[in-house]
Amino acid sequence: MYTSFAQRRRSRRIRLLLLALAALLLAGCLLLLPRVQGDLSRQSAASAEAAVRRAVVQCYAVEGAYPADLQYLEERYGLQINHRRYIVDYNILAPNVAPQITVLEKEN
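Residues numbered from 1 in each chain as written. Predicted model: local features only at pLDDT ≥ 70, side-chain atom pairs only at ≥ 80, totals over all residues. Heavy atoms only, no water.

1. Re the pattern of salt bridges
Logical step 1: Enumeration according to the criterion identifies three salt bridges in this entry.
Logical step 2: One salt bridge in this structure joins E75 and R76, with 3.7 Å as the shortest N-O distance. R76 shares its class with E75; the two are exposed.
Logical step 3: For E105, the salt bridge is made with R85, and the minimal N-O distance between the two is 3.0 Å. One end of the pair, E105, is in strand β2 (residues 100-105); the other, R85, is in the loop between α2 (70-76) and β1 (86-91), and 20 residues separate them in sequence.
Logical step 4: With relative accessibility at 29%, the residue E105 sits in the partly exposed group.
Logical step 5: The partly exposed category is assigned to R85, whose relative accessible area is 33%. (Salt bridge = Lys/Arg side-chain N within 4 Å of Asp/Glu carboxyl O. Buried < 20%, exposed > 50% of the residue type's maximum accessible area, 1.4 Å probe, protein only. Helix = DSSP H or I, 4+ residues; strand = E, 2+ residues; numbered from the N terminus.)

Structure follows, in structure tokens:
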């Protein structure tokens, strides 16, 4: 079957347009990737901090005092923290005062 020069040129333009659109879509995805990763890291750290807070509240409800350290929660209340990934700052002032808890993700 015979295709005209105009048809071949139109077909070539369509392919180039589709290729350009695919390249723009890929570039957009690559530009958004660091932002998405940052959001996921912040959410993950917030989730780890929430887990520590839940364990602290559970300990206080059961024992009537806040735990002296994080290790106590890990040993007796099943708290699991990835210490290779997170730094947990756990400061307690007194057994009847809620501790200050901060969870930060370590830099790679």
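Once you've had a look at it, read on.
2. Quick look at a nonpolar patch on the surface
Logical step 1: Taken together, the side chains of I14, L17, L18, L21 and L24 make up a nonpolar region of the molecular surface, amounting to roughly 520 Å² of accessible area.
Logical step 2: In this fold, L18 is placed in helix α1 (residues 5-63). (Patch = residues over 30% accessible without salt bridge, like charges linked within 9 Å, V, L, I, M, F, W, Y side chains within 5 Å. Areas by Shrake-Rupley, 256 points an atom, 1.4 Å probe, with all protein chains shown as cover.)

3. Structural notes on the confidence of the model for the protein chain
Logical step 1: For the protein chain, the average pLDDT comes to 86, and 92% of its residues sit at 70 or higher.
Logical step 2: Averaged pLDDT values over the elements of the protein chain bottom out at 83 in α1 and peak at 94 in α2. (pLDDT = per-residue confidence, 0-100.)

4. Regarding the pairing of β1
Logical step 1: Covered by surrounding structure in β1 are Y86, V88 and Y90 only, the residues I87, D89 and N91 on the alternate face being uncovered.
Logical step 2: With six bridges joining them, β1 and β2 adopt antiparallel strand pairing. What sits directly across from N91, in β2, is Q100. (Pairing = 2+ DSSP bridges.)

5. Quick look at a positive patch on the surface
Logical step 1: A cluster of basic residues, R8, R9, R12, R13 and R15, forms a positive patch at the surface.
Logical step 2: Within the secondary structure, R12 sits in helix α1. (Lys, Arg positive; Asp, Glu negative; His and termini not counted. Charge placed at Lys NZ, Arg CZ, Asp CG, Glu CD.)

6. A look at the nonpolar core
Nonpolar side chains tend to gather and get buried jointly when the protein is soluble and globular.
Logical step 1: In this structure, V52, V56, L70, L73, L79, I81 and Y90 are the most contacted members of the largest nonpolar core, which totals 17 residues.
Logical step 2: Those elements that place two or more of their residues in this core are α1, α2, β1 and β2.
Logical step 3: What V56 contacts, discounting residues up to four positions off in sequence, is Y66, P67, L73, Y90, P99 and I101. (Core = buried A, V, L, I, M, F, W, Y, C linked by side-chain atoms within 4.5 Å. Contact = heavy atoms within 4.5 Å.)

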